[in-house]
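What the coordinates show
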Amino acid sequence: MKPRVRFAPSPTGYLHIGGARTALFNWLYARHTGGTFVLRIEDTDAARNSQEAVDVILNGLRWLGLDWDEGPITGDATGPSKGDRGPYFQSQRKENYQRRVEALLSHGLAYEHEGAIKFKMTREPILIPDLVVGDVLRKLTDREEADPDFVIVRSDGQPVFHFVNVVDDLEMGITLVIRGEDHLSNTAKHIALFNAFGVKPPHYAHIPLILNADGSKMSKRDRGASLTTYGEEGFLPEAVNNYLCLLGWSPKDNTEKLSLKEVVERFDLPQILRHNAKFDFEKLVWLQGEYCRELPADRFYEMSVHALAKAGLDTNQMDVHYVKAALDTCKGKIKTFSELPAYAGFYFTDKVEYDAEAAKKDFVPENKARLEKLRAAFAHAPAFNAETLEAALKETAKTLGVKAGALVHPCRLAATGKTSGPSLYHLLQVLGKERVMARIEKALEHGGFGT
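Counting of residues starts from 1 at the beginning of each chain's written sequence and follows it residue by residue. Local features in this predicted model are restricted to residues of pLDDT 70 or higher, and side-chain atom pairs are both shown and tallied only at a pLDDT of 80 or more, whereas totals for entire chains, interfaces and linings draw on every residue. Values shown for side chains rest on all heavy atoms present in the structure; no hydrogens or waters enter the calculation.

Only DSSP runs of H or I with at least four residues qualify as helices, and only runs of E with at least two residues qualify as strands; both kinds are numbered from the N terminus onward. Note that Thr-399 resides in helix α16 (residues 386-400). The sequence separation of Thr-399 and Glu-233 amounts to 166 residues, and the corresponding C-alpha distance is 46 Å.

Below is the structure:
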């Protein structure tokens, strides 16, 4: 029998990076084994659930490229897309839960208590054979010894997580539950419920938690905790997937950059580590930079234009060759696309705002004559390309008896408003003679130069 795994999030807020990693591990296992990956939204808690939170989950999984294999067809099944496959929703499966509650009641395995329904928990220790953690023997605690029974339907008629989780896993034929180690404490209850239904429980694999670099638990306020922020900050899904794979799983050969296809081929439960994973944002940024550097040109342009538009820099009305030439000077220089507007926004606006500290340093009286001399050299250059402009600047510096840096810094500040960015001579070539001459002229009017 082919494995059947599932990801079962609750739509109560953002999609935590740990939840995304759980979805990824389930998806990888299904693809590695040729099994089935089921997506199930556990939305029985109507007071806390929202459609917005559901959309966050679905959009996050789609952004990561984690497609699911089962679910009801939504939309027009006869249209061009022949409908979309939605996830399962627990809110649409209430009859299943009611039927199972009645079965437990009729067999004396559950009973009514103060308006609620409680399950008669076994009084014997329960062995949890875990494929990652190893065998765990769950005994009754001092608190539970008096009454280990637990509520499966609240007094308001709503079934609780433990119950619906088991019923769905049972009826969907889930053969392996891969989830965070924080759920290990619930597993004894789940196994007891499976036993009560006379069904063999699925196998369990509880994967290590993701912690902050200092070992503390990640909260929604911690950097990197919400999957949504990665798309907003211009990360690539393939880089995020790659990094998530390394949080709790090891390919055993110290390889760090792996495509999703490569991970699918190599992923299995024995490579999952026992110790908790510590989130290293700098390592993620490094991976992102590697993927960004290797992007095909068309995708780099697409991602760049989107990031610029988000920052209010519209390139739609600009010459496409100019835009591409400008972006070419940025490839390999930025790691996340959210950096691009600050790094290269000067290409796409006529208004150059000077870095205040740099202006104090470079727009000083002794540099005015130098910049005027450079402007004249650029104006008479036989061609306005990087090679010629570099030669003109260095010759001007030699004539003035100064190092090239004495001209490079004020020239860059005049042209871009920044102290760093793309290669100076290449960015000047892209900006073109008219823009460069106008920007140097404008810079020479800066008050710091004096008279």
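Next comes the rest of the write-up.
Here three strands make up an open sheet; going across it, the order is β1-β2-β5 and the pairing parallel. With partners counted over all chains shown, the strands left at the sheet margins are β1 (4-7) and β5 (88-89), one partner each. Here, any two strands with at least 2 DSSP bridges between them count as paired. As paired elements, strand β2 (residues 36-41) and β5 share two bridges and run parallel to each other. Note on β5: the bridge partner recorded for Arg-40 is Tyr-88.

What follows deals with the packing of aromatic side chains. Aromatic rings from Phe, Tyr and Trp, taking only the six-membered ring of Trp, are treated as a pair when their centres fall within 6.5 Å; an angle between ring planes under 30 degrees marks them as stacked, one over 60 as edge-to-face, and anything in between as tilted. Tallying each qualifying case throughout the model produces 15 aromatic pairs. Relative to Phe-235, the ring of Tyr-230 lies with its centre 5.4 Å away and its plane at 85°, an arrangement referred to as edge-to-face. Classification of residues uses two cut-offs on accessible area relative to the type maximum, computed with a 1.4 Å probe and protein chains only: under 20% is buried, over 50% is exposed, and between them is partly exposed. The class for Phe-235 is buried, based on a relative accessible area of 1%. Taking the centre distance of 5.5 Å and the plane angle of 85° together, the rings of Tyr-243 and Phe-279 count as edge-to-face.

What follows concerns the side chain of Arg-100. Mapped onto the elements, Arg-100 comes out in helix α3 (residues 94-106). What makes two residues a contact is simply this: any of their non-hydrogen atoms within 4.5 Å. Not counting residues within four places of it along the chain, the set of residues in contact with Arg-100 comprises Phe-163, Val-167, Leu-170, Glu-171 and Phe-197.

To estimate how far a helix should reach, multiply one less than its number of residues by 1.5 Å. Compared with an ideal rise of 1.5 Å per residue, which puts 15 residues at 21 Å, α16 spans 21 Å between its outermost C-alpha atoms and is within 8% of the ideal. Lining the buried residues of α16 we find α15 (365-379), α17 (405-416) and α18 (424-443). Once α16 ends, the next one or two residues include Gly-401, with phi positive near 75°.

Taking strand neighbours across the sheet as the criterion, the three strands line up as β6-β7-β10 in an open arrangement whose pairing is antiparallel. One side of each edge strand has no neighbouring strand; the edge strands of this open sheet are β6 (110-113) and β10 (150-153). Averaged over neighbouring strand pairs, the angle between their axes works out to 45° when direction is ignored. Angles run from 0 to 180 degrees between N-to-C directions of axes, and those axes are lines fitted to C-alpha atoms, restricted for helices to the stretch in contact.

The subject of this paragraph is helix α2 (residues 51-64). Compared with the 20 Å implied by 1.5 Å per residue over 14 residues, the 20 Å span of α2 between its first and last C-alpha is a close match. Phi turns positive, to about 85°, at Gly-65, one or two residues after α2.

A word on the pattern of salt bridges. One speaks of a salt bridge when a side-chain nitrogen belonging to Lys or Arg is within 4 Å of a carboxyl oxygen belonging to Asp or Glu. All told, the structure shown has 25 salt bridges when counted by the stated rule. Taking the shortest distance from any N to any O, the salt bridge between Asp-67 and Arg-31 comes out at 3.6 Å. Residue Asp-67 is located in the loop between α2 and β3 (73-74), and its partner Arg-31 is located in helix α1 (residues 17-33); the two are separated by 36 residues in the primary sequence. Look at Asp-67 and you get partly exposed, because its relative accessible area is 39%. Since its relative accessible area comes to 23%, Arg-31 is described here as partly exposed. Here Arg-93 ties to Glu-171 by a salt bridge, and the two come within 3.8 Å at their closest N and O atoms.

Note that every value here comes from positions in space, so none of it alone points to a role or purpose.
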